[in-house]
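Summary of structural features
So you can see what is in the structure, the chains are spelled out below.
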Amino acid sequence: MKNYIKSLFTKAEEKLDYLKDIKIQLSVPQEVSHGDYSTNAAMLLTKKLKKNPREIAKEIIDNFDIDESIISKIEIAGPGFINFFFTVSYVNKIVKVINDKKNSFGKSAKYNGIKANVEFVSANPTGPLTVGHGRNAVLGDTVAKLLEEIGYDVDREYYFNNAGRQMRVLGNSVAARYRELLGEKIEFNDEYYQGEYIKDIAKKIYEQYGDKYKDNSEDDIFKDTAEKEIFKDIKQTLEAINIKFDNYFNENDLYEKGEIQRLLDFFEEKNLSYKKDGAVWLKLSELGQEVDKVIVKSTGEPTYRLPDIAYHKSKFDRNYDLIIDIFGSDHNATYPDVLAGISALGYDKEKVKVIIYQFVTILEKGQVVKMSTRKANYITLDELIDEVGKDVVRYFFIMRNSTSHMNFDLDVAKQQSDENPVFYLKYAHARIASILRMVKEQNLNASFDNLDLLNTETEQKLVKYLHKYPEEVMLAAKNYEPHKLANYLENLAALFHRFYTECRIIGSEKELAEARIALILAVKIVLKNGLNIFSIEAPEKM
RNA sequence: GCGCCCGUAGCUCAAUUGGAUAGAGCAACAGCCUUCUAAGCUGUAGGUUAGUGGUUCGAGUCCACUCGGGCGUACCA
């Protein structure tokens, strides 16, 4: 529908030069009486042409070459909107299109062959994933899926660091628990990781090696075993919500392959770094940032900035055209430094899109739960998945804009999981499946011969909404906003449920019944395609 | 103090990127199952979009200031 209107404008441009100066915006009015599509083109031209917008609208319409089998009416309304009305038979053609395309309806080839890298989760292996990581994980995976839907070739990547202070503390924590197991009285340092999982790891080491490491608290065995075990759990948790990564990128590689040193040399050579107080500083003030920052501490250890820049450089070197980072709002002050470093290296930082999501406030018994991995004060993602299930977890984290500071009341989630909107979507799908089973018993089959019979207001609304699906996918993908698609699906389900109560299939005339079957098949396909993007089951029964 | 994000119905959140009368779900109230799944549908009620000013044909959306909340503001990651 939209494309047809655009073609009208393109043709009209040959006669009306001024149309070339504006971008034609088409929107679907909220009010049905304002047509199927509406444009503000005439209003945008008032200044330039110094004419009344309604006069301009009239001139534009007079220059349209209209096919009456497609457009039933065009009118000028309000201050100068041009409203388009489509014919029933043209609108209903989509039902056949969807049934023909099935799974591929909504997919686009627009970005075929373009390589994208989506980096998300990226938690260091110091403890189990918490509910806080959930938003990151689901957002990243869904953004990746949306990009695939419009043609991108996407790699999902997890970046982690198994060196550094945090991991040493982790190793020491396990060693302490290990000695405790051997009967030693230990003082469990406040700085140590307090969680029960530390004891489990210590126990594993004890079961395998006995007291072999009794006097070797510094041995790598503690850190290495902890890392391995924790990573195993993290991967399991992610798999439980259908998330798999293509690449695991270890920060250590950057050191071992000399990338860090090379980068340091480069900055020095280009006179972009200098020494002060025994540390190496990057001249970020010359790269568009406020102040210079340290990249190598006086101890000789790099700060996170250096490896982060090197890491992003590696993404460019691996030929990604689109590089997406999913970060929590606590990172919002750090990435501009990295981007500045990247452009200093001569890369196009526009290819990097940083998606900052706001933290979810977790409430339990009316209290805010503050999360800390080290203090073992957290609710794990596993617990949440066990409690409410994979689909609810996934839907919950993408149903709202990532800019929203969501509240999540655990008690409500546990009690009212039946009232979660995700069930509403699933129910619509299951309901259609059920109708189709009944219809089969009555020997009725979908038919596309009499789609014009779908002419009630309820049916037309539903059909027109189906038209929008591919556009909604594109919009959600290009803006990295999965919640838009969630809203779309909820509206679609609502329109279907209404159709269900108002329009019967069994009991209607055969022609009408079979046209309606074609319609609900189309709705089922779109619901399923949408839920598939969210990795949520579309059940045949509930 | 400074930077980023947010403030919309009692609660949780939308709003086609500046469009026409700001919409859903919970919660409340009143209805709808001897016919395809009532995890559903219909209706009622609920709003000075935190506040004040500005920009224009037109502002929840853009700008300025004020108030309130979140996250940062390291030679931690």
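Owing to the predicted nature of the structure, the values given are computational and were not obtained by experimental measurement.

**Observations regarding the packing of aromatic side chains**
Tallied over the entire structure, the rule returns 33 aromatic pairs. For the ring pair Phe 160 and Phe 231, a centre distance of 4.7 Å and an interplane angle of 75 degrees mean the geometry is edge-to-face. You can see Phe 160 sitting in strand β6 (residues 153-160) and its partner Phe 231 sitting in helix α9 (residues 220-240), a full 71 residues away along the chain. A residue is classified by how much of its surface remains accessible, and Phe 160, at 8% relative accessible area, is buried. Judged by its relative accessible area of 8%, Phe 231 falls in the buried class. Centroid distance Tyr 213 to Phe 222: 6.2 Å. Interplanar angle 70 degrees. Geometry classified as edge-to-face. The burial state of Tyr 213 is the same as that of Phe 222; both residues are buried. Clustering of aromatic rings is evident, with ring pairs tying together Phe 120, Tyr 158, Phe 160, Phe 231, Phe 245 and Tyr 248. A cation sits over an aromatic face here: Lys 115 above Tyr 320, 4.7 Å from the ring centre.

**Regarding the layout of surface pockets**
The volume enclosed by the second largest pocket comes to roughly 1100 Å³. Along the walls of the second largest pocket sit 33 residues, with Lys 2, Asn 3, His 467, Pro 470 and Glu 471 positioned nearest its centre. Looking at the lining of the second largest pocket, the element that brings in the most residues is helix α19 (residues 469-478), giving seven residues. Grouping the amino acids of the lining of the second largest pocket by side-chain chemistry returns 14 nonpolar, eight polar and 11 charged. Residues from two domains meet in the lining of the second largest pocket; each of domain 1 (2-86) and domain 2 (92-110 + 418-533) gives at least three.

**Notes on the domain arrangement of chain A**
Each domain of chain A was delimited in the assignment, giving domain 1 (2-86), domain 2 (92-110 + 418-533) and domain 3 (164-236). Each of domain 1 and domain 2 has a C-alpha centre, and the two are 29 Å apart. Each partner contributes to the interface: domain 1 provides five residues, whereas domain 2 provides four residues. Counting each side, the surface lost to burial between domain 1 and domain 2 is near 360 Å², with a carbon and sulfur contribution of 50%.

About the criteria used
- Every chain begins its residue count from 1, and numbering advances along the sequence as written.
- A letter from A marks each chain and a number from 1 marks each ligand, given out in the order of writing.
- Residues qualify for local features only when their pLDDT is at least 70, as the model is predicted, and side-chain atom pairs are given and counted only at 80 or more; totals for whole chains, interfaces and linings, by contrast, use all residues.
- Neither water nor hydrogens contribute to the side-chain values; these are computed over all heavy atoms in the structure.
- Only rings of Phe, Tyr and Trp enter the pairing, Trp through its six-membered ring, and a pair is recorded when the two centres are within 6.5 Å. The plane angle decides the type: under 30 degrees is stacked, over 60 is edge-to-face, the rest tilted.
- Helix and strand labels come from DSSP, where a helix needs a run of H or I of at least four residues and a strand needs a run of E of at least two; each type is numbered from the N terminus.
- Each residue is placed in one exposure class: buried if its accessible area under a 1.4 Å probe, protein chains only, is under 20% of its type's maximum, exposed if it is over 50%, and partly exposed if it falls in between.
- The rule for a charge over a ring is simple: NZ of Lys or CZ of Arg within 6 Å of the ring centre, and within 35 degrees of the ring normal.
- For each structure, a 1 Å grid was placed over the protein atoms alone; sets of points admitting a 1.4 Å probe that cannot get out are labelled cavities, open sets with protein on both sides within 12 Å along at least five of seven lines are labelled pockets, and lining residues have an atom within 4 Å of a point.
- Grid points are joined across faces, edges and corners, and a volume is the space filled by probe spheres set on the points.
- Only Asp, Glu, Lys and Arg are considered charged, only Ala, Val, Leu, Ile, Met, Phe, Trp, Tyr, Cys and Pro nonpolar, and every remaining residue, Gly among them, polar.
- Boundaries of every domain are those given by an automatic assignment or by a domain database.
- We call two residues contacting when some pair of their heavy atoms lies within 4.5 Å.
- Using a 1.4 Å probe, buried area is obtained as the accessible area two parts lose upon being combined, added over both of them.

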